[in-house]
Amino acid sequence: PEEPHIHTTRNALSQIYLRMGKIQEALSIWDEVAGQEELKLSLYNRAVEIYTEQEDYYKALHVLTQKLKWVANSPEETSTTEAILAIIRNRLSEANLHKVVSDFSSKYPADEALIRLIYIYDEQESYYREEKEIRRFVSFFPNHPYSEEAENAGKAIQTKLKKNRYLIAAVLPLSGKLAPF
């Protein structure tokens, strides 16, 4: 419906849903509405604020990625992209990073989530998991600027693992009949 006051009514209903804590319902009202970017922008920003206050960074990230779709090629795109990167690099847990990768698979921001996972596993010295994430990154994003660096890191990990591939153990008799030897 395109009544003269429909957007004012949608905005009022969205604000009510936000106050009730029903953020998805508030956003869904605007899914198929073209234009009205100022109203959408304030609504999406408020939704991100609410999720951030609740420390639900995973849902805040999803709202930001929805927002990124319709703010493309506008001044707001840069700040939205920076907010997405800040959440991925500073706020998401390892489990949530895996969720982001499974949700977005070979699209943005899965690339940034995989890069973050690679760094996390490198810090933990979990080489097998790091190598797995590197292989997944290179298969999903072969033309990404980080791909070459990831491939080099993968090769370095393989050489580390080859050096420590076999463990040789020796049982030494420290007591009993064979202790003198």
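Because the structure is a prediction, the values reported are computed rather than measured.

**Considerations on helix H3 (residues 37–53)**
Count 3.6 residues to each turn of an α-helix, and residues three or four apart come out pointing the same way.
Here comes step 1: Over its 17 residues, H3 runs 24 Å from end to end, which matches the ideal 24 Å to within 8%, given 1.5 Å per residue.
Here comes step 2: Within H3, the full set of buried residues consists of Lys40, Leu43, Tyr44, Ala47, Val48, Ile50 and Tyr51. Buried residues of H3 fall within an arc of 160 degrees about the axis and therefore sit on the same side. More than 90 degrees from the buried face of H3, the exposed residues found are Glu38 and Glu53.
Here comes step 3: Those residues of H3 hidden inside the fold are in contact with helix H1 (6–20), helix H2 (23–28) and helix H4 (57–70).

**Comments concerning the confidence of the model for the chain**
Atomic detail in the predicted coordinates should be set aside for any region of low pLDDT.
Here comes step 1: Averaged over the chain, the pLDDT score is 87; the fraction of residues at 70 or greater is 93%.
Here comes step 2: Here helix H9 (residues 147–163) is the element of the chain with the lowest mean pLDDT, 84, and helix H6 (residues 94–104) is the one with the highest, 95.

**Thoughts on helix H5 (residues 76–90)**
Here comes step 1: If you check H5, its first and last C-alpha atoms are 21 Å apart, about what 15 residues at 1.5 Å a residue would give, namely 21 Å.
Here comes step 2: For H5, the complete set of buried residues consists of Thr80, Ile84, Leu85, Ile87 and Ile88. Looking straight down H5, one finds its buried side chains confined to an arc of 160 degrees; they lie on one side. Opposite the buried face of H5, at more than 90 degrees from it, the exposed residues are Thr78, Glu82 and Asn90.
Here comes step 3: Looking at the buried residues of H5, the elements they touch are H4, H6 and helix H7 (110–123).

**Examining the side chain of Thr80**
Here comes step 1: Structurally, Thr80 is set in helix H5.
Here comes step 2: Contacts of Thr80, omitting those with residues within four sequence positions, involve Leu64, Lys67, Leu68 and Val71.

**A short note on a nonpolar patch on the surface**
Here comes step 1: There is a patch of nonpolar side chains on the surface, built from Leu13, Ile16 and Met20 and spanning about 260 Å² of accessible area.
Here comes step 2: For Met20, the location among the structural elements is in helix H1.

**What about the nonpolar core?**
Here comes step 1: Ranked by size, the top nonpolar core spans 45 residues in total, and within it Leu92 and Phe137 carry the most contacts.
Here comes step 2: Elements that contribute at least two residues to this core include exactly H2, H3, H4, H5, H6, H7, helix H8 (127–140) and H9.
Here comes step 3: If one sorts the elements of this core by residue count, H7 sits on top with 8 residues.

**Re the pattern of salt bridges**
Here comes step 1: Applying the stated criterion across every chain yields a total of 7 salt bridges.
Here comes step 2: The partner of Glu49 in a salt bridge is Arg46, and the shortest N-O contact between them spans 3.2 Å. Here the residue Glu49 and the residue Arg46 both occupy positions in helix H3, the gap between them amounting to 3 residues, near one helical turn.
Here comes step 3: On the accessibility criterion, Glu49 (40% relative accessible area) is partly exposed.

**Some thoughts on the environment of Leu18**
Here comes step 1: In this fold, Leu18 is placed in helix H1.
Here comes step 2: Overall, Leu18 belongs to the buried group, its relative accessible area being 8%.
Here comes step 3: Put simply, Leu18 and Tyr57 are 39 residues apart on the chain and 17 Å apart in space, counted from C-alpha to C-alpha.
Here comes step 4: When sequence neighbours within four positions are dropped, the list of residues in contact with Leu18 reads Ile23, Ala26, Leu43, Arg46 and Ile50.

Calculation rules
Residues numbered from 1 in each chain as written. Predicted model: local features only at pLDDT ≥ 70, side-chain atom pairs only at ≥ 80, totals over all residues. Heavy atoms only, no water. Helix = DSSP H or I, 4+ residues; strand = E, 2+ residues; numbered from the N terminus. Expected span 1.5 Å × (residues − 1). Buried < 20%, exposed > 50% of the residue type's maximum accessible area, 1.4 Å probe, protein only. Arc of directions from axis to C-beta. Contact = heavy atoms within 4.5 Å. pLDDT = per-residue confidence, 0-100. Patch = residues over 30% accessible without salt bridge, like charges linked within 9 Å, V, L, I, M, F, W, Y side chains within 5 Å. Areas by Shrake-Rupley, 256 points an atom, 1.4 Å probe, with all protein chains shown as cover. Salt bridge = Lys/Arg side-chain N within 4 Å of Asp/Glu carboxyl O. Core = buried A, V, L, I, M, F, W, Y, C linked by side-chain atoms within 4.5 Å.

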